[in-house]
Amino acid sequence: MKRLYIATFGCQMNEYDSIRIEELLSDNYKKVFEPKDADLIILNTCAIREKAEHKVYSLLGRFKHLKKKNPSLILAVGGCVAQQRGEEFFERFPYLDIVFGPHAIFKLPELIKTLEINRKHLCINNLEPHFVIPRARGQLWGIDSVRAYVTVMQGCDNFCTYCIVPYVRGREASRPPGDIIDEVRLLVASGIKEITLLGQNVNSYGKKEQGFPSFAQLLKEVSKIKGLKRLRFTTSHPKDLSPDLIECFSQIDNLCPHIHLPVQAGSNKVLRAMNRHYTREKYLELVSDLRSVCPDISLTTDLIVGFPGETQEDFEQTLSLLEEVKFDQIFAFKYSPRPGTKAAKMSNQVPELEKKKRLAKVLELQDKIGLQRLSRFVGKNIKVLVDGVSKSNPKQLCGRSPGNHVVNFVGTKDLIGKEIDIYIEHACQHSLKGRILDKKGTGGEFIQEVVNG
Ligand code: 5AD
Ligand code: SF4
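This paragraph deals with the overall build of the protein chain. The helix and strand tally for the protein chain stands at 13 helices and 19 strands. Computed over the C-alpha atoms, the radius of gyration of the protein chain is 23 Å, within 12% of the 22 Å expected from 2.2 N^0.38 for a compact globule of 453 residues. In terms of overall dimensions, the protein chain has C-alpha extents of about 65 × 55 × 45 Å along its principal axes. Each of the 453 residues in the protein chain was classed as buried or not, and the buried ones make up 55%. Looking at the protein chain alone, contacts between residues at least 24 apart form 72% of all its contacts between residues at least 6 apart. Total accessible area computed for the protein chain in this model is approximately 20500 Å², and 52% of it derives from carbon and sulfur atoms. Side-chain charges in the protein chain split into 67 positive and 54 negative, and the spacing between the mean points of these groups amounts to 4 Å.

Shown next, in the form of structure tokens:
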């Protein structure tokens, strides 16, 4: 067996793609965790912000010496930066072997074979959307042994003015519902308990394809698969969040009470300049609708600070929106100009230092709100799906609440994959601490204090 090192940057789509790449190559390659041990290095890249793109260039620079030491090493770049820059990569990194866009993943085994025969660099970044079907036989692969992603659609037609995704991932295309159902069935049969359906904008699922169900209908079908304990989806665009989908939160038992609903900004002027097609008021209405259908729903969001033309007053509207909504978690970013997008050409760019200050302000406020939100669980029992050993403390297990909060507690490894009741004792900044409930489900006494291993 040859050895594969794969590094993944960016969103869950890339994580899903990397797992497909590993599967596709698994007849000939086994995974290693150090680039120096590899015969094949793949960087699955992200173009969403400049920083992510730079990381790729700096890593490639560092791999030059590995290539010198081992000329038969194959160096490949995939993902969104590969799609965007294509052949340009070879000018800057002549020792690079393969550049492949996200739609060319299925070609990878063939590309590697061609390269092994004739060592001439190869670039494919001009293909139409193509869904890689996970291996139909044997065990399918997830994020871990408990949770898996399943892509339902690719691409994006929204063209938010800051965003490069529509340029690198192409137009929206949905996967046939039968393929999605089959994939979920296979994953569940191989022991997966929780599925997250993925798409850049899942609310647009099936809108372009004839005879496809709506996303809400698809969700209902998937939820019926026997053995599926938990179902999630991401990402929703507020402009397309339908009443049908909101209703799903009260109709589908195994649909987790969590929605990631990127708001991006609190000012209507900025939302308009971003081409988001909703107002602050509309967003707040959606939040209120969601909370009336599912009172304890956990809400998370994405935010951009320092979008071109964002004044101090505009920014303060983002802060007041955070106060108003009280998100469980936010992912906040400084605006990063991306080549080819409309916003990058806008004249009223916000200085870097100002963006930095605004980001710090947003994060400081959210730290307070996030902790308040987590504190509501202290003294209560919650159902936790155990997904593995805690990263920060190998003596503890970790899992997720239905609302997707991280929960750490002491327990034995045989609990991985099980849904158990945890009594929450403490809220940390980004996670909860608790202990396993006794059989009566009352006192939160320890029934298990055995430390792993
Ligand atoms: N600069 C900063 N953040 C961005 N995002 C997308 N494009 C940019 C950009 N140019 C953020 C948005 C999106 C998340 C995935 O990344 O908030 O929801
Ligand atoms: Fe980018 Fe907007 Fe599409 Fe999301 S909806 S991927 S932010 S263009």
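The next thing to look at is the sheet that holds strand β3 (residues 40–45). Read from one edge of the open sheet, six strands run β2-β1-β3-β4-β5-β6, paired in parallel fashion. Looking along the sheet, the strands with just one partner apiece sit at the ends: β2 (29–31) and β6 (122–124). Averaged over all adjacent pairs, the angle separating strand axes in this sheet is 20°, with direction ignored. Judged from the two bridges that link them, strand β4 (residues 74–78) and strand β5 (residues 98–100) form a sheet pairing that is parallel. Across the sheet, the residue bridging to valine 77 is valine 99, located in β5. The strands touched by helix α1 (residues 12–25) within the sheet are β1 (2–8), β2, β3 and β5, with β1 carrying the most contacts at an inclination of about 175°. Each of β1, β2, β3, β4, β5 and β6 touches helix α5 (residues 108–117); the most contacted strand, β5, lies at about 160° to it.

Buried within helix α8 (residues 215–223) are the following residues: Phe215, Ala216, Leu218, Leu219, Val222 and Ser223. Across the axial projection of α8, the buried residues extend over an arc of 160°, all falling on one side.

For the rest of this paragraph, the subject is the pairing of strand β7 (residues 147–151). The buried fraction of β7 is high, at five of five residues. Sheet topology places β7 next to strand β10 (residues 194–198); five bridges connect them, and they run parallel. Residue pairing in the sheet places valine 150 in a bridge with leucine 197 of β10.

The buried fraction of β3 is high, at six of six residues. Neither face of β3 is exposed, since Leu40, Ile42 and Asn44 on one face and Ile41, Leu43 and Thr45 on the opposite face are all buried. What joins β3 to β4 is helix α2 (residues 50–69), and the crossover it makes is right-handed.

This brings us to the site of ligand 2. Close contacts around ligand 2 come from Cys156, Asn158, Phe159, Cys160, Tyr162, Cys163, Val165, Pro166, Gln200, His237 and Arg276, and that covers them all. Looking at the shell around ligand 2 residue by residue, the class counts come to seven nonpolar, three polar and one charged.

Attention now moves to the site of ligand 1. In the vicinity of ligand 1, the residues found are Ile48, Arg49, Tyr162, Gln264, Asp302, Ile304, Phe333, Lys334, Tyr335, Ser336 and Arg338. Arginine 49 has a polar side-chain atom sitting 3.0 Å from an oxygen atom of ligand 1. Note that a nitrogen atom of ligand 1 is positioned 3.0 Å from one of the backbone N or O atoms of tyrosine 162. Protein burial of ligand 1: of its 400 Å² of free accessible surface, 87% is covered by the chains. Elements that contribute at least two residues to the shell around ligand 1 include exactly β13 (298–305) and β14 (329–334). Residue composition of the shell around ligand 1, grouped by class: five nonpolar, two polar and four charged.

Judged by nonpolar contacts, the single largest core of 69 residues is most densely connected at Ile195, Leu197, Phe215, Leu219 and Phe233. For isoleucine 195, the residues in contact, after removing those within four places along its chain, are Ala148, Val150, Val184, Leu187, Leu228, Arg230, Leu231 and Arg232. Residues Ala7, Leu60, Leu73 and Val81 belong to the second largest nonpolar core, which totals 30 residues.

Our focus in this paragraph is the side chain of lysine 67. Mapped onto the elements, lysine 67 comes out in helix α2. Contact partners of lysine 67, with chain neighbours within four places excluded, come to Leu73, Ile74, Leu75, Tyr95, Asp97 and Arg119.

Looking now at the domain arrangement of the protein chain. Under the domain assignment used here, the protein chain contains domain 1 (2–124), domain 2 (147–373) and domain 3 (378–452). A straight line from the C-alpha centre of domain 1 to that of domain 3 covers 38 Å.

This next bit is on unusual backbone geometry. Residue threonine 235 follows threonine 234 across a cis peptide bond; omega there is 5°. As for its position among the elements, threonine 235 is in the loop between β11 (230–234) and α9 (243–251). Within the chain, asparagine 275 stands out as a residue other than glycine whose phi angle is a positive 65°. Turning to its location among the elements, asparagine 275 is positioned in the loop between α10 (268–273) and α11 (280–293). Although it is not a glycine, histidine 277 adopts a positive phi angle of roughly 65°. Residue position: histidine 277 is located in the loop between α10 and α11. Residue classification places histidine 277 among the exposed positions, given a relative accessible area of 57%.

Definitions and cut-offs
- Residues numbered from 1 in each chain as written.
- Chains lettered and ligands numbered in written order.
- Predicted model: local features only at pLDDT ≥ 70, side-chain atom pairs only at ≥ 80, totals over all residues.
- Heavy atoms only, no water.
- Helix = DSSP H or I, 4+ residues; strand = E, 2+ residues; numbered from the N terminus.
- Rg over C-alpha atoms; globule rule 2.2 N^0.38 Å.
- Buried < 20%, exposed > 50% of the residue type's maximum accessible area, 1.4 Å probe, protein only.
- Contact = heavy atoms within 4.5 Å.
- Areas by Shrake-Rupley, 256 points an atom, 1.4 Å probe, with all protein chains shown as cover.
- Lys, Arg positive; Asp, Glu negative; His and termini not counted.
- Charge placed at Lys NZ, Arg CZ, Asp CG, Glu CD.
- Pairing = 2+ DSSP bridges.
- Axes fitted to C-alpha atoms, helices over the stretch in contact; angles between N-to-C directions.
- Arc of directions from axis to C-beta.
- Right-handed = clockwise from strand over helix to strand, strands pointing away.
- Near = heavy atom within 4 Å.
- Nonpolar A, V, L, I, M, F, W, Y, C, P; charged D, E, K, R; others polar.
- Polar contact = N/O pair within 3.5 Å; in protein donor to acceptor, adjacent residues only side chain to side chain.
- Core = buried A, V, L, I, M, F, W, Y, C linked by side-chain atoms within 4.5 Å.
- Domains from an automatic or database assignment.

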